[in-house]
Amino acid sequence: MDRDFKLIGLVRNMSEAKLKIKNLFKIFGNKGRSFISSVEKGMSKQELLDKHGHVLGLNNINLDISEQRIQVIMGLSGSGKSTLIRHINRLIEPTSGEIYVDNENVLKMSQSELREFRRKKTSMVFQKFALLPHKTVAQNVAYGLTIQGVSEGEAKERSHKWIDSVGLAGFEERFPAQLSGGMQQRVGLARALATDAPILLMDEAFSALDPLIRTDMQNILLELQKELHKTIVFITHDLDEALRIGDNIAILRDGKVIQKGDPQNIIMNPADDYISDFIKDINRSKVIEIRSIMQKGTTKGSSLKSSCSLEDALKTLNSEKDKQCNVVNEEGKKIGKVTLDAAINALLRDKSTKSLEKYK
Amino acid sequence: MDFLTEFPSLGKRDLRDLKKTIDGSFREWSRTYGDAIEAFFDPLYFFLVWLEKLLIAAPWPIILILVASFAYLGSRSWKLALGSVISFMLIGYFGMWKDMMATISLISVATLICIAVGIPIGILMSRYDRVQSAITPILDLMQTIPIFVYLLPVVMLLGIGRVPGLIAVCVYALPPIIRLTNLGIRLVDKEILEAADAFGSSYRQKLFEVQLPLALPNIFAGVNQTIMMALAMVVIASMIGVKGLGMPVLQAVQNQYLTLGLMNGLAIVALAIIFDRVSQRYGQRLQAHRFGKEHE
Ligand SMILES: Nc1ncnc2c1ncn2[C@@H]1O[C@H](COP(=O)(O)OP(=O)(O)O)[C@@H](O)[C@H]1O
Ligand SMILES: [Mg+2]
């Protein structure tokens, strides 16, 4: 009996995602519900708008988000990214579908349960920062805690370390308007981290920032994530950012997920023209990792890590006599080999139309 | 031909009967409930009288010190504080001290009432669209209906004196603060409200931590307008027996006392300018954080 329970627990831990979205539809407009079946039968977003004046926000989204990983959601403006992320903490009510967090249905929660859920389980970072302009940096960071009813002293104490961790020490008594955009978003990030919520929702959090500052913020986030292991849903319309940050990527178009999974897989096997188009400008030598072009077998030559980029691998590969290297995992175990030809092929993919034809 | 030039109207007798019936029933109603309504407003009356007496009985140097500190704390400007004190001294020097105290007590009480009544109504309007669409026409009516028309039933109910005067002032001065509270809350940035929701705020927390503080500059603009409109009503209120600077103006108009009218009129204007400047400066300071200035 006891053992069975443990087993179930184990199975659950291994196979169940932290966050599950099932058959989620959102149709904006007061008769949204009645159009679900037409949308399911294939009515397009444009048609729904032209004929019925309703906006298709989300079209049958199914997405499992793994615990402690960064799930990127990408898509052009208007593709439904903000709508999707706002369903996770129910800032937007769905037209139909289910959302589970830790196997609890978010949509079944009462108002007070929902408040508790938002206080303890999720926190959010916004594109335009959404700081409270009348509160100081320290007060802004402590905001989530004060909402929970934590005493002022304790809230200050607990938020202090987050102010430090995003590099804002010394700015505690400033007001948001006195800070640059990058610094304001640091406040936004610290505010979200201060509640210790396991799920972090970031809606184009860095999109409003200059490129250099954006890279800074990405570094801060990745650095913090190494210690914090949050489940992060990160929205962006920028592929470089998505590849840099995402453990997994889902690509949205007109409210529909058209491809999801390992970023490497999306680059190597784009599902359609839309995605090929998306990835055509990336620097493949920097982005593609050799694990994506790995073959079975081993060779005599030297070893490369599976996460090594093509750019870094090429030199070693070229210097080998048989133009081959072993691939090893994080623990140093050989898991396959990689050849120079394969590497060059992967680099050239973007220029040829091979991949496109394959998926047409 | 007569039919076209003469607008078809109710017969004279019918019209007279109609007016008589309505007048009669209102009079009946006010006779039955007048005392109860008056009793309801008694606390207000006592407060008003108490404040007026207090201000008049207080030694004038103390009042001047209060004026200076109120003006300085509100505006953080020595010039304005000094100007206020000089104006008060001049008004007193020309024999209008007591009237000025009476007017100030009326304005203060009226403003307090308007804030106490107006802000909650404004909050309700901002929360429920239905309340907004129900109350907006009432506010329009309050601002367009000729003052004398609602003065009449008030006087019939409560007679002549401070309380009906106060009510008349409040009816006139209430709309701006209601409107601007509602507007101010509705104008609060959507994304900031979303942030408040995302962190699990209750309605109360959102109202007091986010909406009201961010609407404060607008609400304060409403308070400022309310004060100005209350001052503008001082002369009319004196027609139904409210003491203060308005009374001499009314006398002056009736008897063509030019100097009396001018002096009291100028005193009202001086008060208006002081209240306006101080409250506007205060309102500006409330939103200093928006422009990245250091908070004082
Ligand atoms: N409240 C709303 N009412 C009607 N349509 C909306 C609303 N919010 C978003 N939309 C529409 O839903 C689609 C997705 O919007 P959004 O999620 O904001 O896209 P993204 O964040 O990817 O730019 C867009 O076509 C947008 O116009
Ligand atoms: Mg968006």
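Residues numbered from 1 in each chain as written. Chains lettered and ligands numbered in written order. Predicted model: local features only at pLDDT ≥ 70, side-chain atom pairs only at ≥ 80, totals over all residues. Heavy atoms only, no water.

## Things to note about the site of ligand 1
Residue and element names in this part refer to chain A. By nearness alone, every residue bordering ligand 1 is listed as Phe-28, Lys-45, Val-55, Leu-76, Ser-77, Gly-78, Ser-79, Gly-80, Lys-81, Ser-82 and Thr-83. Gly-80 places a polar main-chain atom, nitrogen or oxygen, 3.1 Å from an oxygen atom of ligand 1. The backbone of Lys-81 places a nitrogen or oxygen atom 2.9 Å from an oxygen atom of ligand 1. Looking at which element gives the most residues to the shell around ligand 1, the answer is helix H4 (residues 81–88), with 3 residues. When grouped by side-chain class, the residues that make up the shell around ligand 1 number 3 nonpolar, 6 polar and 2 charged. (Near = heavy atom within 4 Å. Polar contact = N/O pair within 3.5 Å; in protein donor to acceptor, adjacent residues only side chain to side chain. Helix = DSSP H or I, 4+ residues; strand = E, 2+ residues; numbered from the N terminus. Nonpolar A, V, L, I, M, F, W, Y, C, P; charged D, E, K, R; others polar.)

## Focus: the interface of chain B and chain A
Contact with chain B, which involves 22 residues of that partner, is made by 29 residues of chain A. Between chain B and chain A, the buried area comes to about 2200 Å², and carbon and sulfur atoms account for 61% of it. Here chain B and chain A share 2 salt bridges between them. Measuring nitrogen to oxygen at the nearest pair gives 2.7 Å for the salt bridge that ties Lys135(A) to Glu209(B). For the pair chain B and chain A, the interface holds 8 residue pairs in polar contact (both at pLDDT 80 or more). Elements supplying a minimum of two residues to the side of chain B that touches chain A: helix H9 (190–198) and helix H10 (203–232) of chain B. The element best represented in the side of chain B that touches chain A is H9(B), accounting for 7 residues. Its residues assigned to classes, the side of chain B that touches chain A shows 8 nonpolar, 7 polar and 7 charged. (Contact = heavy atoms within 4.5 Å. Buried area = accessible area lost by both parts, 1.4 Å probe. Salt bridge = Lys/Arg side-chain N within 4 Å of Asp/Glu carboxyl O.)

## With respect to the domain arrangement of chain A
Residues and elements named next belong to chain A. Domain annotation of chain A identifies domain 1 (2–14 + 67–96 + 110–121 + 197–279) and domain 2 (285–347). Averaged C-alpha coordinates put domain 1 and domain 2 at centres separated by 29 Å. Between domain 1 and domain 2, the contact holds 5 residues from the first and 7 residues from the second. Between domain 1 and domain 2 lies a buried interface of about 500 Å² when both sides are counted; carbon and sulfur atoms form 62% of it. A per-residue breakdown of the area domain 1 buries against domain 2 is headed by Gln-264, Ile-267 and Met-268, which together make up 79% of the total. (Domains from an automatic or database assignment.)

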